[in-house]
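Coordinate analysis (summary)
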Amino acid sequence: MAALRIIQISDTHLFSDANKSLVGVPTQKSLEAVLDLVKRKAGEFDMIIHSGDLAQDYASSSYIRLVEMLGIFNVPIYCVPGNHDDPAMMANVYPYQLMSSDRQIVRDHWQIILLDSHKPNAVEGCLDAQQLKYLEDCLASYPKLHAMVIFHHQPMPVGCEWLDKQQLTNADEFWKIISRFPQVNTVLFGHVHQEYEEVLNGIKCYSAPATCFQFKRKQDKFGLENLPPGFRWVHLHDDGQIETAVVRTDHYVGEFDAKSKGYL
């Protein structure tokens, strides 16, 4: 059975200074370890989708270097902005090399819709009226195609009290639209720096681990978990079935900071 094969990476938090660290993790070196893992373990795939927080410092050089690093795989690259990103800067830099600025991918039996949940000057997310209308228009345009939707912020609580205050604040509007289009069966997101999966309203929802540090799961307050970084692979089959799993590096990259209280 044919499948559309996707690599999801998330929360790379690159700096213009390639040697700079965030909570003890050199984010570029950690990403390099994940990309080496992709090279060794992922097999062939059709595209890379980055689910947000590409850069930590809003610098054009960070966004450019990310594409140059991902370009080793010679496949199309797509992305959505996260709360740490600068959407205006991303729009100035992309498209660049293999990084597309497309927000709708129509391939074979599938439609993939990429949305912007970045809320200006905020950590939490929101899909504004323009994004919701775009979602609705895309779904109405291809009613016979299976559909997957991707954005940065989690559209449901993941069990971390502090982190769930930063989720998609108008998730109810998103789910209301989705409920009218039965062809939607999958949602991918980032932001939570952890592996998560849930079936909500009959729709499969998945996050990818960060390519740098991981948030401690099921916690009321911020904490880091001593888990290695990784990526998620997703295979979308012609009949709408999905296969997916997370793959992690052998070890944590950087100095694990068990006492970290957060980062900016």
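Attention in this report is confined to the structure presented alongside it. (Residues numbered from 1 in each chain as written. Predicted model: local features only at pLDDT ≥ 70, side-chain atom pairs only at ≥ 80, totals over all residues. Heavy atoms only, no water.)

1. Side note on the pattern of salt bridges
Using the following cut-off: We define a salt bridge as a side-chain nitrogen of Lys or Arg found within 4 Å of a carboxyl oxygen belonging to Asp or Glu. Note on conventions: DSSP H or I runs of at least 4 residues are helices, E runs of at least 2 residues are strands, and numbering of each starts at the N terminus.
Applying the stated criterion across every chain yields a total of eight salt bridges. One salt bridge connects Arg 5 with Glu 44, and the closest N-O pair in it is separated by 3.7 Å. You can see Arg 5 sitting in strand 1 (residues 3-9) and its partner Glu 44 sitting in the loop between helix 1 (27-41) and strand 4 (47-50), a full 39 residues away along the chain. Two residues, Asp 137 and Lys 133, come together in a salt bridge whose shortest N-O distance is 2.7 Å. One end of the pair, Asp 137, and the other, Lys 133, are both in helix 4 (residues 129-141), four residues apart, so they sit about a helical turn from each other. Several salt bridges converge on common partners, so that one network encompasses Arg 5, Glu 44 and Asp 46.

2. Here we look at the layout of surface pockets
Keep this limit in mind: Grid points spaced at 1 Å and placed over the protein atoms alone form the basis of the search, with a cavity being a set where a 1.4 Å probe fits but cannot get out and a pocket an open set showing protein on both sides within 12 Å along at least five of seven lines. Lining residues have an atom within 4 Å of a point. Grid points are joined across faces, edges and corners, and a volume is the space filled by probe spheres set on the points. In this count, Pro and Cys sit with the nonpolar residues alongside Ala, Val, Leu, Ile, Met, Phe, Trp and Tyr, while Asp, Glu, Lys and Arg are called charged and the others, Gly among them, polar.
In this model, the largest pocket occupies a volume close to 320 Å³. Lining the largest pocket are 17 residues, and of these Asn 83, His 84, Val 123, Gln 166 and Tyr 263 sit closest to its centre. Grouping the constituent residues of the lining of the largest pocket by class yields nine nonpolar, six polar and two charged. For the second largest pocket, the calculated volume is near 200 Å³. Around the second largest pocket, the lining is made up of 13 residues, and of these Pro 81, Ala 91, Ser 101, Arg 103 and Asp 116 lie nearest the centre. Mapped by element, the contributors of at least two residues to the lining of the second largest pocket are helix 3 (87-93) and helix 4. By residue class, the composition of the lining of the second largest pocket is seven nonpolar, four polar and two charged.

3. A word on the packing of helix 1 against helix 2 (residues 60-70)
In plain terms, the rule: All axes here are fitted lines through C-alpha atoms, helices being fitted over the stretch that makes contact, and every angle between N-to-C directions spans 0 to 180 degrees. Here is the rule for angles: anything less than 35 degrees is roughly parallel, anything more than 145 is roughly antiparallel, 65 through 115 is roughly perpendicular, and the remaining ranges are oblique. In this scheme the crossing of two helices becomes right-handed for a clockwise turn of the near helix relative to the far one and left-handed for an anticlockwise turn of less than a right angle. Only heavy atoms enter the contact rule, under which two residues are in contact if any of them lie within 4.5 Å.
As a packed pair, helix 1 and helix 2 sit with axes 11 Å apart at the nearest point and diverge in direction by 25°. Comparing the axis directions of helix 1 and helix 2 gives the class roughly parallel. As helix 1 packs across helix 2, the resulting crossing turns out to be right-handed. In contact with Gln 28, Leu 31, Glu 32 and Leu 35 of helix 1, helix 2 contributes Arg 65, Leu 66, Met 69 and Leu 70. In the contact of helix 1 with helix 2, the residues fall into five nonpolar, one polar and two charged.

4. Let's talk about the sheet that holds strand 11 (residues 203-207)
Note the cut-off: Only when DSSP finds a minimum of two bridges between them are two strands counted as paired.
Strand order in the open sheet formed by six strands is 6-7-8-9-11-10, with mixed pairing between adjacent strands. Strand pairing shows two members of the sheet lacking a second neighbour, strand 6 (104-107) and strand 10 (196-200), which therefore form its edges. Going from strand to strand, the sheet's axes swing by 15° on average, the running direction of each strand aside. Judged from the five bridges that link them, strand 10 and strand 11 form a sheet pairing that is antiparallel. Counted as the bridge partner of Tyr 196 is Ser 207 from strand 11. Against the sheet, helix 4 makes contact with strand 6, strand 7 (110-114), strand 8 (146-150) and strand 9 (184-189), and its axis sits at roughly 170° relative to strand 7, the strand it touches most. Sheet strands touched by helix 6 (residues 171-178): strand 8, strand 9, strand 10 and strand 11. Its angle to strand 11, the strand with the most contacts, is close to 135°.

5. Quick look at the environment of Asp 86
Here Asp 86 lies in the loop between strand 5 (77-79) and helix 3. Taking the C-alpha atoms as reference points, Asp 86 and Val 253, separated by 167 residues in sequence, lie 26 Å from one another. Those residues in contact with Asp 86 that lie beyond four places of it in its chain are Tyr 58 and Tyr 63.

6. Side note on helix 6
Selection criterion: Throughout this description, buried means an accessible area under 20% of the type-specific maximum (1.4 Å probe, protein chains only), exposed means over 50%, and partly exposed covers the range between. By arc we mean the arc of the directions from the helix axis to the C-beta atoms, nothing more.
Those residues of helix 6 lying buried are Ala 171, Phe 174, Trp 175, Ile 177 and Ile 178. Angular distribution of buried residues about the axis of helix 6 spans 160°; they occupy a single face of the element. With respect to the buried face of helix 6, the exposed residues turned more than 90 degrees away are Asp 172 and Lys 176. Looking at the buried positions of helix 6, the neighbouring elements they touch are helix 4, strand 8, strand 9, strand 10 and strand 11.

7. Details of the sheet that holds strand 5
Strand order in the open sheet formed by five strands is 5-4-1-14-15, with mixed pairing between adjacent strands. Unpaired on one side and paired on the other, strand 5 and strand 15 (242-248) mark the two borders of the sheet. Pairs of neighbouring strands in the sheet enclose a mean axial angle of 25°, with direction left out of account. Strand direction decides the pairing type here: strand 1 and strand 14 (residues 230-237), joined by six bridges, are antiparallel. Residue Ile 7 lies in a different strand from strand 14, and its bridge partner there is Trp 233. Of the strands in this sheet, strand 1, strand 14 and strand 15 touch helix 1, which is tilted by about 40° from strand 14.

Note that all results are geometric; they support no functional claim without further evidence.
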